[in-house]
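Summary of the model geometry
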Amino acid sequence: MPAGAARTRRAGAADRPPGESAPAGRAAAGRLRPGGAAVTPAFDAPTLIRLKRDGGRLDDAAIDWLIDAYTAGIVAEEQMAALLMAIFLRGMDPAETARWTAAMVASGECYDFADLGRPTVDKHSTGGVGDKITLPLVAVVAACGAAVPQASGRGLGHTGGTLDKLESIAGFTATLSRERIRAQLDDVGAAIFAAGALAPADARLYALRDITATVDSLPLIASSVMSKKLAEGAGALMLDVKVGAGAFMKSAAQAGELARIMIELGAAHGVPTRALLTDMNGPLGGTVGNALEVEESLAVLAGGGPADVVELTLTLAAEMLALAGLDGVDPAATLRDGTAMDRFAALIAAQDGDLTAGLPVAACSETVTASRGGTMGDIDAMAVAMTAWRLGAGRSRPGEPVQAGAGVRIHRRPGEPVTAGEPLFTLYTDTPARFGPALAELDGGYAVVTEAPATRPLVIERIGR
């Protein structure tokens, strides 16, 4: 157990252009000549796995075939899992990454909102701990006059998913048709939705990466992010690339490389893209978990909330508005005058959610208290992320339900004074047996110290024009 901690328990919660789908049967095991004779396919999964495993590169035709065949169910899950691990270990060069991305874009539909009547812009985070920024940010940007079509995902690895958070709101649906998205962008100025028919190849790869320890691969992250974002129809894109212990990118150099790959992919498709590298050594805000993070987002929209969440929300909003050509608008005003909260409430209602029903509360809680006074030291983001995951806020296999109320509340942030006996963390779950493994993850992830830790800037670097 870390210094200064004690526990108490309380029971209770290709070649084809982007957007053009593959012709029916393109990925079939054999193609037909005009006379009806079958043609042996040019590729097979074991050969491509072996090629990448041994350090070779996949050419354009091989990538096109592979993504088509996997989407059609011809390449098996275990074969793609093996290829993902080969890519994780061997990497892909820029041309491979670009083609992989284009093939995933072309695996499904592409939206186009160029005639909407207002500029469209979106934001994507590479995944963090306590990263609920999308929720207030989308509302702020919409309140400022832009439209935000946001295809979002569920939790990946140790990171939380925007859809998992929003689905803790009673009735909320993330399944929207193209027509419903367009109408909502017109009326509300924002929609947050499951990718659905957008880049369906990535949807399957996303879930497979989550359970095969192949998440933190630069080309796989870049292609996954950009395939959905290029297909969703936003006119510009802002990237929040996380750096540190709780991020997939542990160093600023690695994060900068990822950002530049994605910026180049955006430019190649005519979508202006820029990025901020932001700190993820400690959790963002004071909560980690689905309903807990919605609660904190509502506090931000009401004009309060943690300073770091507010700072990053407004910084990203200013960048997005600049990309959309709306530089003269003050995003902070929307938090003061309530217009951002109004937009968020309208978005939730438009997607069948009911904020008046209250958020889920876990059945059980356990509190970690301070055994001595001092100052809260650094809190390790990964330790807190794994604690929340153990409590049920994340999943260990595709399609597994998450516990909406599970997670961690952080009572003392780094540098804040600590009094002996006061709460440091409260853990929530519906499954009491999860407390032991969760507390084991938290052990060593923080300490009560005598001197305040050094502060770190939230924004590390800005990349792109």
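Being a predicted model, the structure only gives us computed values, none of them experimental. (Residues numbered from 1 in each chain as written. Predicted model: local features only at pLDDT ≥ 70, side-chain atom pairs only at ≥ 80, totals over all residues. Heavy atoms only, no water.)

**A closer look at the packing of helix α8 (residues 200-210) against helix α9 (residues 218-231)**
Here α8 crosses α9 at 145 degrees, and the two axes come no closer than 10 Å. The interaxial crossing formed by α8 with α9 has left-handed handedness. Across the interface between the two elements, D202, Y206 and R209 from α8 touch L220, I221, S224, S227 and K228 from α9. For the contact of α8 with α9, the per-class residue count stands at 3 nonpolar, 2 polar and 3 charged. (Axes fitted to C-alpha atoms, helices over the stretch in contact; angles between N-to-C directions. Helix = DSSP H or I, 4+ residues; strand = E, 2+ residues; numbered from the N terminus. Left-handed = near helix turned anticlockwise from the far one by under 90°. Contact = heavy atoms within 4.5 Å. Nonpolar A, V, L, I, M, F, W, Y, C, P; charged D, E, K, R; others polar.)

**Things to note about the packing of aromatic side chains**
Within this structure, the stated rule accounts for 4 aromatic pairs. Between the aromatic rings of F43 and W65, the centroid separation amounts to 6.2 Å while the plane-to-plane angle is 40 degrees, which identifies the pairing as tilted. You can see F43 sitting in the loop between β3 (38-39) and α1 (45-53) and its partner W65 sitting in helix α2 (residues 60-71), a full 22 residues away along the chain. When its relative accessible area of 10% is taken as the criterion, W65 is described as buried. (Phe/Tyr/Trp six-rings, centres within 6.5 Å; stacked < 30°, edge-to-face > 60°. Buried < 20%, exposed > 50% of the residue type's maximum accessible area, 1.4 Å probe, protein only.)

**Description of the sheet that holds strand β4 (residues 122-125)**
Note: strands within a sheet are paired through backbone hydrogen bonds, in either parallel or antiparallel orientation. In space, the 4 strands of this open sheet follow the order β4-β7-β8-β16, with mixed pairing throughout. Each having just a single partner strand, β4 and β16 (459-463) make up the two edges of the open sheet. Each neighbouring strand pair of the sheet contributes to a mean axis angle of 20 degrees, computed without reference to strand direction. The pairing of β4 with strand β7 (residues 237-243) spans 4 bridges and is parallel. Each residue of the ladder has a partner; that of S125, found in β7, is D240. Sheet contacts for helix α12 (residues 307-323): β4, β7, β8 (273-279) and β16; angle to β7, the most-contacted strand, approximately 145 degrees. (Pairing = 2+ DSSP bridges.)

**Quick notes on the nonpolar core**
Core analysis: the biggest nonpolar cluster contains 70 residues, and V141, F425 and L427 have the highest contact counts within it. Among the elements that take part in this core, α12 stands out by supplying 8 residues, more than any other. One finds I63, A69, A81 and L208 within the second-largest nonpolar core, a separate group that totals 25 residues. (Core = buried A, V, L, I, M, F, W, Y, C linked by side-chain atoms within 4.5 Å.)

**Things to note about the sheet that holds strand β15 (residues 448-449)**
The antiparallel open sheet is built from 3 strands, whose spatial order is β13-β11-β15. Either end of the sheet is taken by a strand with one partner, and the two such strands are β13 (417-418) and β15.

**Considering the confidence of the model for the protein**
Detailed reading of the predicted coordinates is not advisable wherever pLDDT falls low. Per-residue pLDDT for the protein averages 89, and the proportion of residues at 70 or more is 91%. This model gives residues 4-39 a pLDDT under 50, and the stretch forms 88 contacts once residues within four places in sequence are excluded. (pLDDT = per-residue confidence, 0-100.)

**Looking at helix α3 (residues 77-90)**
For α3, which comprises 14 residues, the first-to-last C-alpha distance of 20 Å matches the rise-based estimate of 20 Å (1.5 Å per residue) to within 8%. Every buried residue belonging to α3 is among M80, A81, L83, L84, A86 and I87, and all of these are buried. Of the surrounding elements, those touching the buried residues of α3 are α1, α2, α4 (94-105), α8 and α9. Taken from the residues just after α3, G91 is the one with a positive phi, measuring 80 degrees. (Expected span 1.5 Å × (residues − 1).)

**Observations regarding the pattern of salt bridges**
Applying the stated criterion to the full structure yields 25 salt bridges. Across the pair D64 and R99 runs a salt bridge, and its minimum N-O distance is 2.7 Å. Residue D64 is located in helix α2, and its partner R99 is located in helix α4; the two are separated by 35 residues in the primary sequence. You'll find D64 and R99 in the same group, each marked buried. Here R456 makes a salt bridge to D279, at a shortest N to O gap of 3.3 Å. One end of the pair, R456, is in the loop between β15 and β16; the other, D279, is in strand β8, and 177 residues separate them in sequence. (Salt bridge = Lys/Arg side-chain N within 4 Å of Asp/Glu carboxyl O.)

**Describing α2**
In this model, α2 (12 residues) spans 17 Å end to end at C-alpha, consistent with the 16 Å of a helix rising 1.5 Å per residue. Most of α2 sits out of view: 9 of its 12 residues are buried. The complete set of buried residues in α2 reads A62, I63, D64, W65, L66, I67, D68, A69 and Y70. Close packing links the buried residues of α2 with α1, α3, α4 and α8. Positioned one or two residues after α2, G73 has a phi angle of 85 degrees, which is positive.

**Some points on the pairing of β7**
Most of β7 is tucked away, with 7 of its 7 residues classed as buried. A two-sided burial pattern is seen for β7, the buried positions comprising L237, L239, V241 and V243 on one face and M238, D240 and K242 on the other. Strand direction decides the pairing type here: β7 and β8, joined by 7 bridges, are parallel. Its bridge partner being in β8, M238 is matched across the sheet by R274. Once the chain exits β7 it traverses helix α10 (residues 252-268) before rejoining the sheet at β8, and the crossover so formed is right-handed. (Right-handed = clockwise from strand over helix to strand, strands pointing away.)

**Remarks on the pairing of strand β12 (residues 407-410)**
Both strand β9 (residues 287-289) and β12 contribute to a ladder of 3 bridges, which runs antiparallel. By the bridge assignment for β12, V288 is matched with V408. In this structure, β12 lies alongside strand β14 (residues 423-429), joined through 4 bridges in antiparallel fashion. Residue pairing across strands places G407 opposite Y428, the latter belonging to β14.

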